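Analysis of the macromolecular model
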Amino acid sequence: MHEFGMKLEYVSNGRLPRTYTNISTCRISYKKLQSFMNLCETQVESLQHLLIECDHAKRIWLEMNVNVSGMQSQHIEIISWISSWFTSTQTDFEENQLWISRLMCTSWHIWKNRCAKVFNTNVLNCRLICSYITQMVNQCMLEVSSQSKLQTEETPPEWCPPSFNSFKINMDASFDYNNKDVGIGLILRDHAGTTRAIRGRYSNGGLDPEQAECWAMKQAVLWANELNLRSVIFESDCKNEITSISDVKPTVHWMNQGYIDEIRHLLKNFMFSEVSHVKRLANNIAHVIAIDARARKSSFDFECNIPKPYENLVRGERKVNKKLCNIIG
(Lines give C-alpha, C1' and ligand atoms only; values in the text may rest on other atoms or scores of the structure.)
Protein backbone atom coordinates (compact mmCIF):
# COMPACT_ATOMS: atom_id res chain seq x y z
CA MET A 1 0.00 0.00 0.00
CA HIS A 2 1.54 3.30 -1.07
CA GLU A 3 0.05 6.45 0.45
CA PHE A 4 1.66 9.73 1.46
CA GLY A 5 4.80 8.54 -0.35
CA MET A 6 5.19 5.82 2.30
CA LYS A 7 5.04 2.05 2.26
CA LEU A 8 3.21 -0.36 4.54
CA GLU A 9 4.28 -4.00 4.58
CA TYR A 10 2.71 -7.01 6.23
CA VAL A 11 5.48 -9.47 7.04
CA SER A 12 5.41 -13.17 7.78
CA ASN A 13 6.08 -12.81 11.51
CA GLY A 14 2.89 -10.79 11.93
CA ARG A 15 4.59 -7.55 12.99
CA LEU A 16 2.33 -4.98 11.33
CA PRO A 17 3.62 -2.73 10.03
CA ARG A 18 7.39 -3.17 9.65
CA THR A 19 8.16 0.42 8.78
CA TYR A 20 7.37 3.36 6.60
CA THR A 21 10.04 3.78 3.96
CA ASN A 22 12.29 6.75 4.72
CA ILE A 23 9.84 8.20 7.21
CA SER A 24 12.15 11.05 8.13
CA THR A 25 12.16 12.30 4.55
CA CYS A 26 8.46 11.68 3.94
CA ARG A 27 6.97 13.84 1.22
CA ILE A 28 3.48 14.39 -0.04
CA SER A 29 3.32 13.92 -3.79
CA TYR A 30 0.08 15.75 -4.52
CA LYS A 31 0.04 18.81 -6.79
CA LYS A 32 -0.51 22.27 -5.42
CA LEU A 33 -3.91 22.79 -6.97
CA GLN A 34 -4.71 25.67 -4.65
CA SER A 35 -2.84 27.65 -2.09
CA PHE A 36 -5.56 27.09 0.49
CA MET A 37 -6.82 23.95 2.20
CA ASN A 38 -9.74 22.64 0.12
CA LEU A 39 -11.64 21.24 3.08
CA CYS A 40 -11.82 24.38 5.19
CA GLU A 41 -10.14 27.08 3.02
CA THR A 42 -8.52 28.78 5.98
CA GLN A 43 -4.83 27.95 5.90
CA VAL A 44 -2.07 27.11 3.47
CA GLU A 45 -2.24 23.40 2.72
CA SER A 46 0.42 21.29 4.44
CA LEU A 47 0.65 17.76 5.77
CA GLN A 48 0.35 19.07 9.33
CA HIS A 49 -2.81 20.99 8.49
CA LEU A 50 -4.30 18.25 6.33
CA LEU A 51 -4.03 15.50 8.96
CA ILE A 52 -4.21 17.38 12.24
CA GLU A 53 -5.24 21.04 12.17
CA CYS A 54 -8.11 20.98 9.67
CA ASP A 55 -11.57 20.99 11.31
CA HIS A 56 -12.65 18.05 9.17
CA ALA A 57 -9.64 16.00 10.31
CA LYS A 58 -10.29 16.92 13.95
CA ARG A 59 -13.88 15.63 13.69
CA ILE A 60 -12.70 12.35 12.17
CA TRP A 61 -10.02 11.79 14.83
CA LEU A 62 -12.53 12.54 17.59
CA GLU A 63 -15.01 10.01 16.17
CA MET A 64 -12.21 7.43 15.99
CA ASN A 65 -11.39 8.05 19.67
CA VAL A 66 -7.92 9.50 18.98
CA ASN A 67 -6.91 12.63 20.88
CA VAL A 68 -4.85 14.89 18.59
CA SER A 69 -5.39 18.06 20.63
CA GLY A 70 -2.65 16.99 23.03
CA MET A 71 -0.25 16.65 20.14
CA GLN A 72 -1.07 20.19 18.98
CA SER A 73 -0.63 21.67 22.46
CA GLN A 74 2.82 20.08 22.69
CA HIS A 75 3.77 21.38 19.21
CA ILE A 76 4.74 17.90 17.98
CA GLU A 77 5.63 17.75 14.29
CA ILE A 78 3.57 15.44 12.11
CA ILE A 79 6.60 13.38 10.98
CA SER A 80 7.65 12.79 14.59
CA TRP A 81 4.13 11.75 15.47
CA ILE A 82 3.95 9.24 12.62
CA SER A 83 7.34 7.82 13.59
CA SER A 84 6.12 7.34 17.17
CA TRP A 85 3.40 4.97 15.98
CA PHE A 86 6.01 2.27 15.46
CA THR A 87 8.03 2.79 18.64
CA SER A 88 5.24 2.02 21.09
CA THR A 89 6.16 0.51 24.45
CA GLN A 90 2.81 -1.27 24.69
CA THR A 91 3.38 -4.96 25.47
CA ASP A 92 0.04 -6.30 24.20
CA PHE A 93 0.77 -7.17 20.55
CA GLU A 94 -2.86 -7.27 19.42
CA GLU A 95 -3.77 -3.95 21.09
CA ASN A 96 -0.66 -2.33 19.61
CA GLN A 97 -1.54 -3.48 16.10
CA LEU A 98 -5.14 -2.30 16.54
CA TRP A 99 -3.88 1.15 17.57
CA ILE A 100 -1.46 1.40 14.64
CA SER A 101 -4.12 0.22 12.18
CA ARG A 102 -6.57 2.81 13.47
CA LEU A 103 -4.04 5.62 13.06
CA MET A 104 -2.95 4.54 9.58
CA CYS A 105 -6.44 3.88 8.23
CA THR A 106 -7.78 7.16 9.61
CA SER A 107 -4.89 9.12 8.06
CA TRP A 108 -5.39 7.41 4.72
CA HIS A 109 -9.13 8.15 4.67
CA ILE A 110 -8.57 11.81 5.54
CA TRP A 111 -6.23 12.05 2.53
CA LYS A 112 -8.58 10.03 0.32
CA ASN A 113 -11.54 12.26 1.14
CA ARG A 114 -9.47 15.37 0.54
CA CYS A 115 -8.86 14.05 -2.98
CA ALA A 116 -12.56 13.22 -3.41
CA LYS A 117 -13.43 16.76 -2.41
CA VAL A 118 -10.87 18.34 -4.77
CA PHE A 119 -11.32 16.17 -7.86
CA ASN A 120 -14.97 15.09 -7.58
CA THR A 121 -16.42 17.87 -5.36
CA ASN A 122 -17.85 15.17 -3.10
CA VAL A 123 -19.84 16.14 -0.02
CA LEU A 124 -18.07 14.69 3.01
CA ASN A 125 -20.12 12.70 5.52
CA CYS A 126 -18.16 12.32 8.75
CA ARG A 127 -20.20 9.39 10.11
CA LEU A 128 -20.02 7.47 6.85
CA ILE A 129 -16.26 8.04 6.61
CA CYS A 130 -15.76 6.71 10.15
CA SER A 131 -17.82 3.65 9.26
CA TYR A 132 -15.50 2.96 6.30
CA ILE A 133 -12.46 3.47 8.54
CA THR A 134 -13.78 0.97 11.09
CA GLN A 135 -14.36 -1.63 8.37
CA MET A 136 -10.85 -1.09 7.03
CA VAL A 137 -9.34 -1.45 10.51
CA ASN A 138 -11.23 -4.72 10.98
CA GLN A 139 -9.84 -6.01 7.68
CA CYS A 140 -6.32 -5.06 8.77
CA MET A 141 -6.73 -6.93 12.04
CA LEU A 142 -7.93 -10.02 10.20
CA GLU A 143 -4.77 -9.81 8.09
CA VAL A 144 -2.65 -9.49 11.22
CA SER A 145 -4.34 -12.51 12.78
CA SER A 146 -3.84 -14.65 9.68
CA GLN A 147 -0.13 -13.80 9.48
CA SER A 148 0.69 -13.94 13.18
CA LYS A 149 2.30 -17.06 14.59
CA LEU A 150 0.28 -19.07 17.07
CA GLN A 151 1.09 -17.91 20.59
CA THR A 152 0.29 -19.48 23.91
CA GLU A 153 -2.42 -17.50 25.63
CA GLU A 154 -3.47 -17.47 29.24
CA THR A 155 -7.14 -17.70 28.32
CA PRO A 156 -8.32 -21.30 27.79
CA PRO A 157 -9.38 -22.40 24.26
CA GLU A 158 -12.51 -24.09 25.65
CA TRP A 159 -15.17 -23.15 28.15
CA CYS A 160 -14.28 -23.90 31.79
CA PRO A 161 -16.80 -24.17 34.63
CA PRO A 162 -16.66 -21.79 37.62
CA SER A 163 -15.71 -22.88 41.13
CA PHE A 164 -18.16 -24.56 43.52
CA ASN A 165 -21.22 -22.43 44.45
CA SER A 166 -20.37 -19.93 41.73
CA PHE A 167 -22.02 -19.23 38.39
CA LYS A 168 -20.74 -18.13 35.01
CA ILE A 169 -22.57 -16.08 32.39
CA ASN A 170 -21.21 -16.07 28.86
CA MET A 171 -22.44 -13.33 26.56
CA ASP A 172 -22.05 -12.22 22.97
CA ALA A 173 -23.60 -9.76 20.53
CA SER A 174 -24.48 -9.98 16.84
CA PHE A 175 -24.63 -6.74 14.85
CA ASP A 176 -25.93 -6.15 11.31
CA TYR A 177 -24.32 -3.15 9.60
CA ASN A 178 -27.05 -2.93 6.96
CA ASN A 179 -30.16 -2.52 9.12
CA LYS A 180 -28.52 -1.86 12.54
CA ASP A 181 -30.23 -4.90 14.09
CA VAL A 182 -28.65 -6.18 17.31
CA GLY A 183 -29.04 -9.55 18.97
CA ILE A 184 -27.43 -10.57 22.26
CA GLY A 185 -27.06 -14.05 23.72
CA LEU A 186 -26.62 -14.96 27.39
CA ILE A 187 -26.13 -18.42 28.90
CA LEU A 188 -25.95 -19.13 32.65
CA ARG A 189 -24.14 -22.27 33.86
CA ASP A 190 -23.08 -23.62 37.26
CA HIS A 191 -19.91 -25.31 38.55
CA ALA A 192 -21.03 -28.66 37.07
CA GLY A 193 -21.44 -27.13 33.61
CA THR A 194 -25.23 -27.47 33.80
CA THR A 195 -27.21 -24.89 31.85
CA ARG A 196 -29.45 -23.04 34.30
CA ALA A 197 -30.95 -20.51 31.90
CA ILE A 198 -30.64 -18.92 28.46
CA ARG A 199 -31.65 -15.43 27.42
CA GLY A 200 -31.78 -13.74 24.01
CA ARG A 201 -32.53 -10.09 23.41
CA TYR A 202 -33.23 -8.15 20.20
CA SER A 203 -33.00 -4.42 19.50
CA ASN A 204 -32.92 -2.16 16.47
CA GLY A 205 -30.90 1.03 16.13
CA GLY A 206 -27.44 -0.02 17.26
CA LEU A 207 -24.39 2.06 16.38
CA ASP A 208 -21.61 -0.50 16.06
CA PRO A 209 -20.51 -3.96 17.30
CA GLU A 210 -18.67 -2.54 20.32
CA GLN A 211 -21.80 -0.78 21.58
CA ALA A 212 -23.72 -4.05 21.10
CA GLU A 213 -21.10 -5.91 23.18
CA CYS A 214 -21.38 -3.31 25.95
CA TRP A 215 -25.16 -3.67 25.91
CA ALA A 216 -24.76 -7.46 26.20
CA MET A 217 -22.51 -7.09 29.27
CA LYS A 218 -24.95 -4.67 30.91
CA GLN A 219 -27.86 -7.06 30.29
CA ALA A 220 -25.84 -9.96 31.70
CA VAL A 221 -25.07 -8.05 34.92
CA LEU A 222 -28.72 -6.95 35.30
CA TRP A 223 -29.85 -10.55 34.70
CA ALA A 224 -27.50 -11.90 37.39
CA ASN A 225 -28.80 -9.28 39.81
CA GLU A 226 -32.39 -10.19 38.88
CA LEU A 227 -31.62 -13.85 39.73
CA ASN A 228 -30.06 -12.84 43.07
CA LEU A 229 -26.74 -14.48 42.26
CA ARG A 230 -23.98 -13.66 44.73
CA SER A 231 -20.86 -15.06 43.07
CA VAL A 232 -20.66 -14.61 39.28
CA ILE A 233 -18.07 -14.64 36.51
CA PHE A 234 -18.95 -12.73 33.34
CA GLU A 235 -17.18 -13.88 30.18
CA SER A 236 -17.03 -12.08 26.83
CA ASP A 237 -14.86 -12.29 23.71
CA CYS A 238 -14.79 -8.47 23.37
CA LYS A 239 -11.33 -7.56 24.69
CA ASN A 240 -11.80 -3.77 24.54
CA GLU A 241 -14.85 -4.02 26.78
CA ILE A 242 -13.22 -6.33 29.36
CA THR A 243 -10.07 -4.18 29.50
CA SER A 244 -12.11 -1.00 29.98
CA ILE A 245 -14.09 -2.52 32.87
CA SER A 246 -11.00 -3.98 34.56
CA ASP A 247 -8.57 -1.09 34.05
CA VAL A 248 -8.74 2.62 34.76
CA LYS A 249 -7.58 3.44 31.22
CA PRO A 250 -10.55 3.20 28.81
CA THR A 251 -10.09 1.35 25.50
CA VAL A 252 -13.66 1.54 24.19
CA HIS A 253 -14.95 4.39 22.04
CA TRP A 254 -15.83 7.44 24.13
CA MET A 255 -19.51 7.08 23.17
CA ASN A 256 -19.56 3.66 24.91
CA GLN A 257 -17.82 4.80 28.09
CA GLY A 258 -21.20 5.46 29.73
CA TYR A 259 -21.99 1.74 29.47
CA ILE A 260 -18.66 0.86 31.10
CA ASP A 261 -19.22 3.25 34.02
CA GLU A 262 -22.72 1.84 34.60
CA ILE A 263 -21.47 -1.76 34.45
CA ARG A 264 -18.74 -1.01 37.01
CA HIS A 265 -21.35 0.45 39.33
CA LEU A 266 -23.71 -2.54 38.92
CA LEU A 267 -20.92 -5.04 39.65
CA LYS A 268 -20.64 -3.63 43.18
CA ASN A 269 -23.97 -5.31 44.03
CA PHE A 270 -22.39 -8.78 44.07
CA MET A 271 -20.49 -10.41 46.91
CA PHE A 272 -18.00 -11.62 44.29
CA SER A 273 -17.84 -10.79 40.60
CA GLU A 274 -15.25 -11.06 37.87
CA VAL A 275 -15.12 -10.12 34.19
CA SER A 276 -12.82 -12.08 31.92
CA HIS A 277 -11.92 -12.32 28.25
CA VAL A 278 -12.15 -15.62 26.35
CA LYS A 279 -11.61 -16.74 22.80
CA ARG A 280 -14.62 -16.94 20.49
CA LEU A 281 -14.30 -20.75 20.59
CA ALA A 282 -15.02 -20.69 24.34
CA ASN A 283 -17.96 -18.35 23.77
CA ASN A 284 -19.60 -20.12 20.85
CA ILE A 285 -22.95 -20.95 22.46
CA ALA A 286 -23.59 -17.33 23.46
CA HIS A 287 -22.65 -16.35 19.91
CA VAL A 288 -25.25 -18.74 18.43
CA ILE A 289 -27.95 -17.42 20.80
CA ALA A 290 -27.14 -13.83 19.79
CA ILE A 291 -27.42 -14.67 16.09
CA ASP A 292 -30.76 -16.42 16.70
CA ALA A 293 -32.17 -13.40 18.56
CA ARG A 294 -31.13 -11.03 15.76
CA ALA A 295 -32.35 -13.34 12.97
CA ARG A 296 -35.73 -13.88 14.65
CA LYS A 297 -36.01 -10.21 15.64
CA SER A 298 -37.31 -11.40 19.01
CA SER A 299 -36.38 -11.73 22.67
CA PHE A 300 -36.73 -15.00 24.59
CA ASP A 301 -35.97 -16.75 27.91
CA PHE A 302 -35.50 -20.46 28.68
CA GLU A 303 -34.99 -21.92 32.15
CA CYS A 304 -36.36 -25.45 32.55
CA ASN A 305 -36.94 -26.52 28.96
CA ILE A 306 -33.75 -25.59 27.13
CA PRO A 307 -34.25 -26.02 23.34
CA LYS A 308 -32.51 -29.06 21.89
CA PRO A 309 -30.18 -27.13 19.53
CA TYR A 310 -28.68 -25.28 22.50
CA GLU A 311 -28.49 -28.42 24.65
CA ASN A 312 -26.69 -30.23 21.82
CA LEU A 313 -24.13 -27.42 21.67
CA VAL A 314 -23.52 -27.67 25.41
CA ARG A 315 -23.22 -31.45 25.20
CA GLY A 316 -20.76 -31.19 22.31
CA GLU A 317 -18.69 -28.66 24.24
CA ARG A 318 -18.46 -31.04 27.21
CA LYS A 319 -17.18 -33.85 24.97
CA VAL A 320 -14.44 -31.61 23.56
CA ASN A 321 -13.43 -30.52 27.08
CA LYS A 322 -13.30 -34.13 28.22
CA LYS A 323 -11.02 -35.09 25.32
CA LEU A 324 -8.71 -32.19 26.12
CA CYS A 325 -8.54 -33.23 29.77
CA ASN A 326 -7.63 -36.79 28.74
CA ILE A 327 -4.91 -35.52 26.39
CA ILE A 328 -3.46 -33.24 29.08
CA GLY A 329 -3.71 -35.98 31.69
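So, here is what we can say about the structure in this document. Not measured: the values here are computed from a predicted model.

Remarks on the pattern of salt bridges
Going through the model one piece at a time under the given rule, you end up with 11 salt bridges. Ionic pairing is found between aspartate 172 and arginine 280, a salt bridge with its closest N-O pair at 3.7 Å. Taken together, the residues span a long stretch of sequence, with aspartate 172 in strand S3 (residues 167-175) and arginine 280 in the loop between strand S7 (272-277) and helix H10 (284-296) at a distance of 108 residues. The exposure class of aspartate 172 is buried, given its relative accessible area of 0%. Via salt bridges that share partners, Arg199, Arg201, Glu226 and Asp301 belong to a single interconnected network.

What to know about the pairing of strand S6 (residues 231-236)
Counting buried residues in S6 gives 6 out of 6 residues, a clear majority hidden from the surface. Along S6, one buried face is formed by Ser231, Ile233 and Glu235 and the opposite face, lined by Val232, Phe234 and Ser236, is buried too. Here S3 pairs with S6 via 4 bridges, running parallel. The residue of S6 that forms the bridge with phenylalanine 167 is valine 232. Sheet analysis places S6 next to S7, joined by 6 bridges and oriented parallel. Residue pairing in the sheet places serine 236 in a bridge with histidine 277 of S7.

About the criteria used
- Residues numbered from 1 in each chain as written.
- Predicted model: local features only at pLDDT ≥ 70, side-chain atom pairs only at ≥ 80, totals over all residues.
- Heavy atoms only, no water.
- Salt bridge = Lys/Arg side-chain N within 4 Å of Asp/Glu carboxyl O.
- Helix = DSSP H or I, 4+ residues; strand = E, 2+ residues; numbered from the N terminus.
- Buried < 20%, exposed > 50% of the residue type's maximum accessible area, 1.4 Å probe, protein only.
- Pairing = 2+ DSSP bridges.

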